[in-house]
Amino acid sequence: MAFFWIVALLLALAAAGLGTWPLWRQGAAARSGATLWALLLLIPAAASVLYVTLSTWDWQQPVTTTAERQRELPPVDEMTQALADRLARQPADPEGWQLLGRSYVALGNYAGAVDAYRQAWAQVATPDNTLKLALAEALTLTDQRNLVGEAGELVEAVLQEEPRNARALWYGGLAALLDERTEVAKDRWRLLLTLSPPEPVARALRERLTALGEPVADGPAQVVAGNESANASAAPEGAFEIRVSVAAGVEAAGLPASTQLFIIARTPQGGPPLAVVRHSPQLPGVFSLSDANAMLPGNSLADFEQLQFVARLSRSGQPIAQSGDLFGEALYDQGGDPVIELVIDQAVP
């Protein structure tokens, strides 16, 4: 507030000087200079007194910082609900629907995000790549299996137009891996590494390429040759040891040659898998599952208080569960023994 009064006084003095200067030059300062100075100083002072007296502004209220003003804002979920209510009344707003979709993703409401992005899609003549990837991401977060369906098709469409799009390369690598196109997944993730992604993403890419038998040193896409055995013997940090066996009486011998073993970590509440690894179905066996197998970069299994581990013998060889697949599951509480015993004793109806 003191700064305001200082600036006001300086401006008043400047105005007074500019007003009296012509009079001084004309020799009339002796007659009117003092009067003019008095008026020019009196008017701002009187205006300031009237402003303070008559203004409705509370001069006693404390000055709030930006952080304090942010804390005074309504919670994100309330603002998101307000946006959803407005769009329900005024739905012709594709940008608003996209904003709602991003808000839903931030809140973990992935199904709501899919609906919002579809609303935006319906209102634009030609969906751009940003909208395509946003819808693909929401579909993937809703159910990982969408990467071998609609989400994967959207990502492929983006890569056709923008082969160096970072988000499309990440999800395109996941889609290729789920579709058993391992070399395509490697190519896409190696290219993504050359684009200098953020370090958490780069670290996840290096771990995934190492898990696929192609170790990558620190730095952009520097493949380490002839070191596969050394890296394979070193278990990734935070790895779980998964011991998988088949329960007595379960008929696993008659499974077709296409059968693959999928080991999955997810939250007990459901949702997309957090980490997945695939192996040939040689059971009993001991396997490893870690953050290197995370489905999204930056995710860590250590971030969840409880995990559900699943071992599934997929008759089709695909990650999507189908009738007749055999599986077993177990719950894990964070901080417990990282050795997980999974007994395959159930069949998908």
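Residues numbered from 1 in each chain as written. Predicted model: local features only at pLDDT ≥ 70, side-chain atom pairs only at ≥ 80, totals over all residues. Heavy atoms only, no water.

Undergrad: Explain the packing of helix 6 (residues 110-122) against helix 7 (residues 129-142) to me, and be specific about the residues and the numbers.
TA: As a packed pair, helix 6 and helix 7 sit with axes 8 Å apart at the nearest point and diverge in direction by 155°. The angle between helix 6 and helix 7 places the two elements in the roughly antiparallel class. Crossing geometry of helix 6 relative to helix 7 is assigned as left-handed. Listed contacts from helix 7 to Tyr-110, Ala-111, Ala-113, Val-114, Tyr-117, Arg-118, Ala-120 and Trp-121 of helix 6 are Leu-131, Lys-132, Ala-134, Leu-135, Ala-138, Leu-139, Leu-141 and Thr-142. Its residues placed into classes, the contact of helix 6 with helix 7 shows 13 nonpolar, one polar and two charged. (Axes fitted to C-alpha atoms, helices over the stretch in contact; angles between N-to-C directions. Helix = DSSP H or I, 4+ residues; strand = E, 2+ residues; numbered from the N terminus. Parallel < 35°, antiparallel > 145°, perpendicular 65-115°, else oblique. Left-handed = near helix turned anticlockwise from the far one by under 90°. Contact = heavy atoms within 4.5 Å. Nonpolar A, V, L, I, M, F, W, Y, C, P; charged D, E, K, R; others polar.)

Undergrad: Any details on the packing of aromatic side chains? Residues and values, ideally.
TA: Here the distance between the centres and the angle between the planes together describe a pair of aromatic rings. Summed over all chains, the structure comprises four aromatic pairs. Geometrically, the ring pair formed by Phe-309 and Tyr-332 is edge-to-face, given 6.2 Å between the ring centres and 70° between the ring planes. Remark: Tyr-332 occurs in strand 8 (residues 326-333) and Phe-309 occurs in strand 7 (residues 306-314); sequence separation between them is 23 residues. Here Phe-309 and Tyr-332 have matching classes, each one buried. (Phe/Tyr/Trp six-rings, centres within 6.5 Å; stacked < 30°, edge-to-face > 60°. Buried < 20%, exposed > 50% of the residue type's maximum accessible area, 1.4 Å probe, protein only.)

Undergrad: An account of the layout of surface pockets is needed here, citing residue identities and associated values.
TA: Taken as a whole, the second largest pocket encloses approximately 330 Å³ of empty space. The set of elements that each furnish at least two residues to the lining of the second largest pocket consists of strand 4 (260-266), strand 7 and strand 8. Residue contributions to the lining of the second largest pocket peak at three residues, all from strand 4. Counted by class, the lining of the second largest pocket contains 12 nonpolar, three polar and five charged residues. (1 Å grid on protein atoms, 1.4 Å probe; cavity = no way out; pocket = protein on both sides within 12 Å on 5 of 7 lines; lining within 4 Å. Points joined across faces, edges and corners; volume = space filled by probe spheres on them.)

Undergrad: Mind laying out the sheet that holds strand 5 (residues 275-279), listing which residues take part and the relevant values?
TA: Read from one edge of the open sheet, five strands run 5-4-7-8-10, paired in antiparallel fashion. Looking at strand neighbours, the two that pair on one side only are strand 5 and strand 10 (346-347), the edges of this open sheet. (Pairing = 2+ DSSP bridges.)

Undergrad: How would you summarise the pattern of salt bridges if you had to cite specific residues and measurements?
TA: If you walk through the whole model with that rule in mind, you get 13 salt bridges. In this structure, Arg-278 engages Glu-180 in a salt bridge whose closest nitrogen and oxygen atoms are separated by 3.6 Å. Remark: Glu-180 occurs in the loop between helix 9 (166-178) and helix 10 (182-194) and Arg-278 occurs in strand 5; sequence separation between them is 98 residues. A relative accessible area of 30% places Arg-278 in the partly exposed class. In this structure Glu-180 comes out as partly exposed when scored by relative accessible area, which is 39%. In this structure, the salt-bridge partner of Arg-190 is Asp-187, at a minimum N-O distance of 2.3 Å. Remark: Asp-187 and Arg-190 occur in helix 10; sequence separation between them is three residues, near one turn of the helix. Overlapping salt bridges, with partners in common, bring together Glu-156, Asp-179, Arg-181 and Arg-188 in one network. (Salt bridge = Lys/Arg side-chain N within 4 Å of Asp/Glu carboxyl O.)

Undergrad: Provide a residue-level description of the sheet that holds strand 9 (residues 339-344), including the pertinent values.
TA: Spatially, 6-3-9 is the arrangement adopted by the three strands of the open sheet, whose pairing is mixed. Lying at the two open borders of the sheet, with one neighbouring strand each, are strand 6 (285-289) and strand 9. Taken pair by pair, the neighbouring strands of this sheet meet at an average axis angle of 30°, ignoring direction. With five bridges connecting them, strand 3 (residues 240-246) and strand 6 associate as antiparallel partners. What sits directly across from Glu-241, in strand 6, is Ser-288.

Undergrad: Let's hear about helix 10: which residues, and what values?
TA: The terminal C-alpha atoms of helix 10, which comprises 13 residues, lie 19 Å apart, in line with the 18 Å expected from a rise of 1.5 Å per residue. Turning to helix 10, its buried residues number three or more, namely Ala-185, Lys-186, Arg-188, Trp-189, Leu-192 and Leu-193. Following helix 10 by one or two positions, Ser-196 has its phi on the positive side, about 55°. (Expected span 1.5 Å × (residues − 1).)

Undergrad: An account of helix 11 (residues 199-211) is needed here, citing residue identities and associated values.
TA: Spanning 13 residues, helix 11 covers 18 Å between terminal C-alpha atoms, matching the ideal 18 Å at 1.5 Å per step. All of the buried residues in helix 11 are Val-201, Ala-202, Ala-204, Leu-205, Arg-206, Arg-208 and Leu-209. Gly-213 lies just past helix 11 and shows a positive phi near 90°.

Undergrad: Which residues make up the confidence of the model for the chain, and what are the values?
TA: Do not read the fine detail of predicted coordinates wherever pLDDT is low. On average, the chain scores 76 in pLDDT, and the residues at 70 or more come to 70%. Looking over the chain, one finds the lowest element-wise mean pLDDT in helix 12 (residues 228-233), namely 34, and the highest in helix 6, namely 94. Predicted confidence is poor over residues 65-70, with pLDDT under 50, and the contacts of this stretch with residues over four places away or in other chains come to two contacts. Low pLDDT (under 50) marks residues 220-236, which in the prediction has 24 contacts with non-local residues, meaning those over four places away or in another chain. (pLDDT = per-residue confidence, 0-100.)

Undergrad: Describe the environment of Phe-240, and please don't skip the residues or the numbers.
TA: Of note, Phe-240 is situated in strand 3. In this structure, Phe-240 is in contact with Phe-287, Ser-288, Leu-289, Leu-301, Leu-307, Phe-309, Tyr-332, Pro-338 and Ile-340, ignoring residues within four places of it in sequence.

Undergrad: An account of the side chain of Ser-103 is needed here, citing residue identities and associated values.
TA: Along the chain, the position of Ser-103 falls in helix 5 (residues 94-107). Taking relative accessible area as the criterion, Ser-103 reaches 17% and is therefore assigned buried. Within the structure, the side chain of Ser-103 is placed 2.9 Å from the backbone oxygen of Leu-99, a separation counted as a polar contact. (Polar contact = N/O pair within 3.5 Å; in protein donor to acceptor, adjacent residues only side chain to side chain.)

Undergrad: Kindly report on the environment of Ala-347, identifying the contributing residues and their values.
TA: Secondary-structure assignment places Ala-347 in strand 10. The class for Ala-347 is partly exposed, based on a relative accessible area of 47%. In the structure, Ala-347 is positioned 25 residues away from Gln-322 in sequence and 9.5 Å away in space, judged by C-alpha atoms.

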